[in-house]
Amino acid sequence: MKYVVVLGDGMADYPVEQLGGKTPLQAAKKPNIDALAREGLLGLVKTVPDDMAPGSDTANLAVLGYDPRKYYSGRSPFEAISMNVELAEEDVTFRCNLVTLSDHDTYEQRVMVDHSADEISSEEARILIEDLSKQLSTEEIRFFPGVSYRHLMVWHNAPLDWHLTPPHDILGQAVGQHLPGGARAEVVEAMMKKSAAILDNHPVNRKRVARGLRPANSAWIWGEGKKPDLPAFYDKYKISGGVISAVDLIKGLGACAGLTPLHVEGATGNLQTNFRGKADAALAALRDGLDFVYIHIEAPDECGHRQEAENKVKAIELIDELVVKPLVAGLQELGEPYKIMVLPDHATPLSLRTHTTDPVPFIIYDPGAKKEPLQQSYDEASAADAGNYIGEGYTLMDIFLGSGQEG
């Protein structure tokens, strides 16, 4: 049996006026995913417990079959593992975003304009992070460049008493009410303010502004955590697996679970990613002997944060045409039994520009257990009407790898 998960990060949403009162999933033309919904198990799954922050970290942890209440130890450690950063037991890791803040007299008055600095290129970001590292690093604090706006800070012997805010949660808000809190908050706040002084007139940013792009004019520190300890996916399910993603968070989560990282040239984490390449890489890995592939696609989430309704619809349509369609055809050609699961990790409503803990729609398609086709599409309302509800998201993987027909 071959198993594939297609996870469209942040695909779920609320109805919006720009789309005629529909959600992006309802507005998108996605005949291939809808076909799976008509003949598969359709329902809602609660991926993030209400008492936890609705991040891609906790949500993907649950989708992979790990109870986030038990195994979650922070977001940034997964990214550190993907980046091959050695962590000591005394290390605390932090996500370091390169963000765009508005111009004001004081740092506190500046507004969070863009958590991704117009999805700055990794090449430009590396220059900025390396310059920040030269001026902000200490004997205990180090910086590491990552992908696009997503970078890492490691603090040896740091406390774990922090109150840090994800930048995508405060888009359009002045940052003064969201500055770091905790035992050593003054250290992080000082670094963030100094980073703005370093970056405001940096040559990389001057060139970006000249090209009509937003400058990456501050570092924003958040997402603290300690080195995680997950049981291996193979030990849990007795199948070999791989993971495909452009972002270090998911690649690191997969590495912690013992899943083989599968590289895709041109995987970017945005709307310009190599959608078809992800499907082709998954099929190649399955032909080469893997039983399970987890395909993570970041584009819908980024469009949700950026409040780009039409692009979010486009991202879903590209997943349908360039990922799901060739996957189904390729799996049929393999001549082995297979199952496909399609879902988001969490909702990223356009109206809120951040994540929520709402249950999200899922499909489990098993051509070996076909049922009478129903006139239903894959979207939030149809999934609710189907009446299949999974209250503990981490149990969904057990269902997918089992009969696939439990409600």
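All values reported here derive from a predicted model rather than from experimental measurement.

Reading the values: rules and limits
- Residues numbered from 1 in each chain as written.
- Predicted model: local features only at pLDDT ≥ 70, side-chain atom pairs only at ≥ 80, totals over all residues.
- Heavy atoms only, no water.
- Core = buried A, V, L, I, M, F, W, Y, C linked by side-chain atoms within 4.5 Å.
- Buried < 20%, exposed > 50% of the residue type's maximum accessible area, 1.4 Å probe, protein only.
- Pairing = 2+ DSSP bridges.
- Helix = DSSP H or I, 4+ residues; strand = E, 2+ residues; numbered from the N terminus.
- Contact = heavy atoms within 4.5 Å.
- Axes fitted to C-alpha atoms, helices over the stretch in contact; angles between N-to-C directions.
- pLDDT = per-residue confidence, 0-100.
- Phe/Tyr/Trp six-rings, centres within 6.5 Å; stacked < 30°, edge-to-face > 60°.
- Arc of directions from axis to C-beta.
- Parallel < 35°, antiparallel > 145°, perpendicular 65-115°, else oblique.
- Nonpolar A, V, L, I, M, F, W, Y, C, P; charged D, E, K, R; others polar.

(A) Representation of the nonpolar core within the structure. If you look at the biggest cluster of nonpolar residues, it comprises 84 residues, and the most contacted ones within it are Phe233, Phe292, Leu343 and Tyr378. Core analysis: the next-biggest nonpolar cluster, separate from the first, contains 39 residues, Leu136, Val188, Ile198 and Ile221 among them.

(B) Structural context of the sheet that holds strand 11 (residues 260-261). In spatial order, the strands read 11-10-12-1-13-14-2-15; together these 8 strands make up an open sheet with mixed pairing. Two strands lie at the open edges of the sheet, namely strand 11 and strand 15 (389-390), each paired on one side alone. Contacts from helix 2 (residues 31-39) reach strand 2 (41-45), strand 13 (338-343) and strand 14 (360-365) within the one sheet, and its direction differs from that of strand 14 by about 75°.

(C) Expanded view of the environment of phenylalanine 292. Here phenylalanine 292 is to be found in strand 12 (residues 292-297). Since its relative accessible area comes to 0%, phenylalanine 292 is described here as buried.

(D) Just the confidence of the model for the chain, in detail. In this model, the chain carries an average pLDDT of 95, and 99% of its residues clear a pLDDT of 70 or more. For residues 403-407, every residue scores under 50 in pLDDT, and the model assigns this stretch 14 contacts once sequence neighbours within four places are set aside.

(E) Spotlight on the packing of aromatic side chains. Scanning all chains against the criterion turns up 8 aromatic pairs. Between tyrosine 3 and phenylalanine 400, the ring centres sit 5.6 Å apart and the planes meet at 75°, which makes this aromatic pair edge-to-face. In this pair, tyrosine 3 is assigned in strand 1 (residues 2-8) and phenylalanine 400 in helix 15 (residues 396-401), connecting sequence segments 397 residues apart. Taken as a pair, tyrosine 3 and phenylalanine 400 share a single burial class, namely buried. Three or more aromatic residues link up through ring pairs in this structure, and these residues are Phe94, Trp155 and Trp162.

(F) Spotlight on helix 8 (residues 203-210). Taken together, the buried positions of helix 8 are Val204, Asn205 and Arg208. Taken end-on, helix 8 shows its buried residues confined to a sector of 90°, consistent with a single buried face. Counted as exposed and oriented over 90 degrees from the buried face of helix 8: Lys207 and Ala210. Where helix 8 is buried, its residues touch helix 6 (122-136) and helix 7 (185-199).

(G) Structural detail: the packing of helix 2 against helix 13 (residues 309-334). For the pair helix 2 and helix 13, interaxial distance at closest approach is 8 Å and the crossing angle is 55°. One element, helix 2, and the other, helix 13, form an angle in the oblique class. Of the residues in helix 13, those touching helix 2 at Pro31, Asn32, Ile33 and Leu36 are Ile319, Asp320, Glu321, Val324, Lys325 and Val328. For the contact of helix 2 with helix 13, a count of residues per class yields 6 nonpolar, 1 polar and 3 charged.

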